[in-house]
Amino acid sequence: MSTKPKIGFYWCASCGGCEESVVDLAEDVLMVTNAVDIVFWPCAMDFKKADIEAMPDKSIVATLLNGAIRSSEQEEMAHLLRRKSQVLIAYGSCAHTGGIPSLANQFTREQILKYVYEEAPTMVNDQKTRPQPHFKEDGRETELPVLRNLVRALDQVVDVDYYIPGCPPPPKLLKEAVLALLSGKLPPKGAVLAPNHAVCQECARNDSKPQDISLVEFKRPHQIIADPEKCLLAQGLPCMGPATRGGCDAVCIKGNMPCTGCFGPVDNVRDHGAKILSYLASTAAGKEEKDIAKTLAGIPDPVGTFYRYGLAKCLLRGKVHATGESTPK
Amino acid sequence: MSEPTTATQTSPATGSFEPRIVAFFCNWCTYTAADMAGVSRMKYAPNIRVIRLMCSGRLDPQFVMAAFAKGADGVLIGGCHPGDCHYVEGNYKALRRVTLLKRMLADLGIEEDRFRLEWISASEGDKVKHVVNDMVEKVRALGPLDLPGKHKDWDKEMEELEAHVNHSQKEIPAHVH
């Protein structure tokens, strides 16, 4: 049997982009497969849960888990992989901070199920049938995982050793993380495996960022043709760069689109959205309440804009009434 | 510093809910006004915990989020009147942040009366009294927010599975019903 270190990949509530980013290693993927044994990767290879259950505890050197945790099945897999792995890495925005799926924390589970199975324009369901966690017919029994009331980041469910941020993480960060794992030169537990500075620091337009930004109007990307050389924030586009961790080489801004904040906050920030709000609101030019409100109306959805990738890690964790129900239906 | 108590406060005398309000007051105006209210022996509701900032512009919106998350039922910000800021621009920055934060907190289900900004100059001890009393009554009417309790409640849904997984650690394979 091979003595190469064992690595696992798993996905929970995610879109598949993180899996794609592993493939984006291109020829470097050969370096990875030469150095390690992939023992679990349901998206790409045929392994079963039972294979993992049969392995001794801590026998996987590292598992990279992407996706947020929403269902009891995802929760169980997180517990199982935690138990079997020496190092558990939250890979990508969803596992790191809740990601896009955690925007669902603005609604109750009942609101979501009702919309999806009854109210959505594409839905015809006169019987109002919904999938049931337990179902019995003709002596056969089926079970489905239950949806939890909240979407959670991985570390709100199990102990996490490291985080690789990004939606999806750039291959460079994955490669560096694998090399660090193989060499055993790992930072202290709990570290985010990306630089601890803001996106602005790696942005080619940083020099064009004025000392004082004072905006009368916020613009949305489809409303202007942005100057490809000038700081996007100075052009009125809400760019999350100043309050977001770098490591992405400002790739969105290179594409002339503002940063949307997928890397999460830097180390000393506890609430990413509040920090974005802080700097963005203070760029509004007015001094009168109504002028300020008029300018800030250009940000119609503050929760969705500031917590786009991390409502699960907002200090409030979601909309406060969003948990009326406690038992699965 | 002691850990914040997470239980909802009730008055020992009446048994009714006593709101817990965190107040961020600027050093030059509102804090001085609160001081004056004290020196003038004005009485106002004892439900606020004052934290002195050098300027309302120092108020990081994270402070407000953290206060609510740790058990505050309301947050009150006090700063100098527009044009009076000791640092010229600080209270305008506070106003801009509070304007957007108010909207965001409403979207997150926090009632409007739980979060308030007031301009109170150093000579307005009386205004401190009225604002605090008024806010305490409004928050009392809303009832406890109790986010620490809510967060604990929200996470109860994970306990059963976690206990099951830990239990089955001894008897492989783990299977969850």
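Here we summarise the structure given alongside this text.

Criteria and cut-off values
- Residues numbered from 1 in each chain as written.
- Chains lettered and ligands numbered in written order.
- Predicted model: local features only at pLDDT ≥ 70, side-chain atom pairs only at ≥ 80, totals over all residues.
- Pairing = 2+ DSSP bridges.
- Helix = DSSP H or I, 4+ residues; strand = E, 2+ residues; numbered from the N terminus.
- Right-handed = clockwise from strand over helix to strand, strands pointing away.
- Buried ≥ 20, exposed ≤ 12 C-beta atoms within 10 Å, placed from the backbone.
- Contact = placed C-beta atoms within 7 Å.
- Nonpolar A, V, L, I, M, F, W, Y, C, P; charged D, E, K, R; others polar.
- Axes fitted to C-alpha atoms, helices over the stretch in contact; angles between N-to-C directions.
- Core = buried A, V, L, I, M, F, W, Y, C linked by C-beta atoms within 7 Å.
- Parallel < 35°, antiparallel > 145°, perpendicular 65-115°, else oblique.
- Left-handed = near helix turned anticlockwise from the far one by under 90°.

## A word on the pairing of strand β2 (residues 48–53) of chain B
Residue and element names in this part refer to chain B. The pairing of strand β1 (residues 21–26) with β2 spans 6 bridges and is parallel. By the bridge assignment for β2, Cys26 is matched with Leu53. As for the winding sense of the linkage, the β-α-β connection from β1 through helix α1 (residues 30–39) to β2 is right-handed.

## What to know about the environment of A:Pro170
Residue and element names in this part refer to chain A. Mapped onto the elements of the fold, Pro170 is located in the loop between β9 (162–164) and α7 (171–183). Residue Pro170 is classed as partly exposed on the basis of its C-beta count, with 19 C-beta atoms lying within 10 Å. Residues Pro170 and Lys254, 84 residues apart in the sequence, show an inter-C-alpha distance of 14 Å.

## Regarding the interface of chain B and chain A
Across the contact, 35 residues belong to chain B and 38 residues belong to chain A. Listed by contribution, the elements that provide at least two residues to the side of chain B that touches chain A are α2 (61–69), α3 (90–107), α5 (147–155) and α6 (159–168) of chain B. In terms of residues, the side of chain B that touches chain A owes the most to one element, α3(B), which gives 11 residues. Class assignment of the residues belonging to the side of chain B that touches chain A gives a composition of 22 nonpolar, 5 polar and 8 charged.

## A closer look at the pairing of strand β5 (residues 85–91) of chain A
Residues and elements named next belong to chain A. Buried residues dominate β5, accounting for 5 of its 7 residues. With 6 bridges connecting them, strand β3 (residues 60–66) and β5 associate as parallel partners. Bridging from a neighbouring strand, Ile60 pairs with Ser85 of β5. Both β5 and β9 contribute to a ladder of 3 bridges, which runs parallel. Of the residues in β9, the one forming a bridge with Ile89 is Tyr162.

## Concerning the sheet that holds strand β2 (residues 37–40) of chain A
Residues and elements named next belong to chain A. A sheet is described by the order of its strands in space; here 5 strands give the open sequence β2-β1-β3-β5-β9, paired in parallel fashion. Across the chains shown, the open sheet's two edge strands, defined by having one partner strand only, are β2 and β9. Mean inter-strand twist for the sheet, computed between neighbouring axes without regard to direction, equals 30°. Judged from the 5 bridges that link them, strand β1 (residues 6–11) and β3 form a sheet pairing that is parallel. Directly across from Phe9, in β3, lies its bridge partner Leu64. Running over the sheet, α7 touches β3, β5 and β9 and is turned about 155° from β9.

## Quick look at the nonpolar core
Of all hydrophobic cores here, the largest spans 135 residues; its most connected members are A:Leu65, A:Ile89, A:Leu154, B:Ile21, B:Phe68 and B:Val75. The biggest single contributor to this core is α3(B), with 8 residues. If we ignore the near neighbours within four places in the chain, the residues touching B:Val75 are B:Ile21, B:Val22, B:Val64, B:Ala67, B:Phe68, B:Arg114 and B:Phe115.

## Here's the deal with the packing of helix α10 (residues 289–296) of chain A against α3(B)
α3(B) packs onto α10(A) with a crossing angle of 55° between their chain directions and a minimal axis gap of 10 Å. The angle between α10(A) and α3(B) falls in the class oblique. For the crossing formed where α10(A) meets α3(B), the hand is right-handed. For the pair formed by α10(A) and α3(B), the contact residues are A:Glu289, A:Ile292, A:Ala293 and A:Leu296 on the first element and B:Leu95, B:Arg96, B:Thr99 and B:Leu100 on the second. Residue classes in the contact of α10(A) with α3(B) are distributed as 5 nonpolar, 1 polar and 2 charged.

Everything listed is a geometric property; what it means functionally is a separate question.
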